[in-house]
Amino acid sequence: MTFPPVEEQLAIIRRGVEKIVPEEELVARLTKSRETGIPLRIKYGIDPTGIDVHLGHTVPLRKLRQFQELGHQAVIIIGNYTALVGDPSGRDQARSKKLTADDVEANARDYLTQVGRVVDMSRAEVHRNGDWFGKMSFADVIQLCGKVTVAQMLTRDDFAKRHAAGTPIFMHECLYPIMQAWDSVVIKSDIELGGTEQLYSFMLARDLQRDQALPQQIGVMSPILVGLDGERRMGKSLGNYIGIAESPYDMMKKFMQVPDGVMKMYFELLTSISLADVETILAGHPKEAKMRLAKAVIGGYHSPEQADEAADRWQREVGGGQLPTDIPEVSLSLSALIAQLPQCKADLEQRKLPAAQLVKAMGLSPSTSEAARLIAQGGVSIYHDDQPTPVTDARAAVELKNGMLVKAGKKKIARLILES
């Protein structure tokens, strides 16, 4: 097989990479691969502990796809056994929720479907590490553990911090990095992809490969993609993520919230736009830069046409101040409201309700006091025939009309369905 020149490969591999350890070995390995025509085996491991792939997950997956396009062999490890342990990387305590084997397998199937939106699965090897760990005897496990000392284990940042703080470290957690490293031995990994927090496991794999007289793998580590808050790593539990299976419009809305300070990182890690062009784009208006970023990413997971449609819709409904096309409906019953708000009975009998009470009743504010604050700031409007009328008095009785729109703040809006 013919591979591109080594320098050309290195330029692609180095983009969006924080560490290559050891980098000089990467050059030698690529050179030998080009001379022999034998592709390198590029390992990426996934623990199917959930089923929503977001853009943070795609950073190493995009790198795996780049290696494929350079002619190398993608090897995906589904950690159906490591998932039962739980990755301790970056954790200050043990994982509380334990997954069953059925949970893991169901997640794995969904994961692979989503991963197929990034990686060419027709040219990828897929292995479940239960295929080898499930066959190990307890004696085999003891022998494997005998290759790593407790002192070595405590060099991991997460374990060291927990040990210093007196937080329990359970024995099964110590197995995780050993298992991850052994995966590299079994599949004869040349390069392993992951985040910078995986350095310990990557280097442990080199030690185990050396013990087995195998070529030692090289770690290619990407930075952690920060989420929409611009500070913490992207994650579903933090609510700061963009999922690749979300609708184009939902993705667009989230991209337009990306902080200006992380735009360069997003362009570098999530697109193939040249870095020179990225600098030009970022020198322009931030709104246009975010739109360019969003369309580039959304077009890859959906289609360029859908990305354009999402951009146009965002411009109409949010950027241009027009009303959205998918306004949620809220049904309110007059009789139920009278029972809940006896102090408003006289108004409700005339099909009216104080403005602050209406905003809260429609779920547009958590409390009447918050609704009153929004009204005082000019943030509430009533729409009749799509024409807005600002609400200026929180206590003023608003006439309830079926189909009327109530907007609170910049994003919350609902249509009233009035029931007797």
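None of these values were measured; they are calculated from a predicted model.

Rules used throughout
- Residues numbered from 1 in each chain as written.
- Predicted model: local features only at pLDDT ≥ 70, side-chain atom pairs only at ≥ 80, totals over all residues.
- Heavy atoms only, no water.
- Core = buried A, V, L, I, M, F, W, Y, C linked by side-chain atoms within 4.5 Å.
- Buried < 20%, exposed > 50% of the residue type's maximum accessible area, 1.4 Å probe, protein only.
- Helix = DSSP H or I, 4+ residues; strand = E, 2+ residues; numbered from the N terminus.
- Contact = heavy atoms within 4.5 Å.
- Pairing = 2+ DSSP bridges.
- Axes fitted to C-alpha atoms, helices over the stretch in contact; angles between N-to-C directions.
- Salt bridge = Lys/Arg side-chain N within 4 Å of Asp/Glu carboxyl O.

Visitor: Talk me through the nonpolar core; I want residue IDs and the actual numbers.
Guide: Formed by 65 residues in total, the largest nonpolar core has its most connected members in Leu55, Ile191, Met252, Phe255 and Tyr266. A total of 7 residues in this core trace back to one element, the largest contributor, which is helix H15 (residues 286–301).

Visitor: Report on the side chain of Thr271, specifying residues and quantitative values.
Guide: Its place among the elements puts Thr271 in the loop between helix H13 (263–270) and helix H14 (275–282). Residues contacting Thr271, with those up to four places away along its chain left out, are Arg15, Arg62, Tyr266, Leu293, Ala296 and Val297.

Visitor: Describe the sheet that holds strand S1 (residues 19–21), listing the residues and the values that go with them.
Guide: For sheets, the rule is that strands pair by backbone hydrogen bonds, running either parallel or antiparallel. Pairing is mixed in the open sheet, where 6 strands are placed in the order S1-S6-S5-S2-S3-S4. Strands at the two margins of the open sheet, each flanked by one partner only, are S1 and strand S4 (124–128). Each strand axis lies, on average, 25° off the axis of its neighbour in the sheet, ignoring direction. Relative to strand S6 (residues 218–222), strand S5 (residues 191–195) runs parallel, the two being bridged by 5 bridges. Residue Leu193 lies in a different strand from S6, and its bridge partner there is Val220.

Visitor: Now, about the pattern of salt bridges: what can you tell me, with residues and values included?
Guide: Taken as a whole and assessed by the stated rule, the structure comprises 19 salt bridges. In this structure, Asp260 and Lys290 form a salt bridge, with 3.0 Å as the shortest nitrogen-oxygen distance. Highlighted residues: Asp260 in the loop between helix H12 (248–255) and H13 and Lys290 in helix H15, separated in sequence by 30 residues. Residue classification places Asp260 among the partly exposed positions, given a relative accessible area of 47%. The closest approach of N and O atoms between Glu279 and Lys264, which form a salt bridge, is 3.1 Å. Here Lys264 lies in helix H13 and Glu279 lies in helix H14, a separation of 15 residues in the sequence. Each of Glu105, Arg109 and Arg128 takes part in salt bridges that share partners, so that together they form one network.

Bear in mind that shape data such as this cannot, by itself, settle questions of function.
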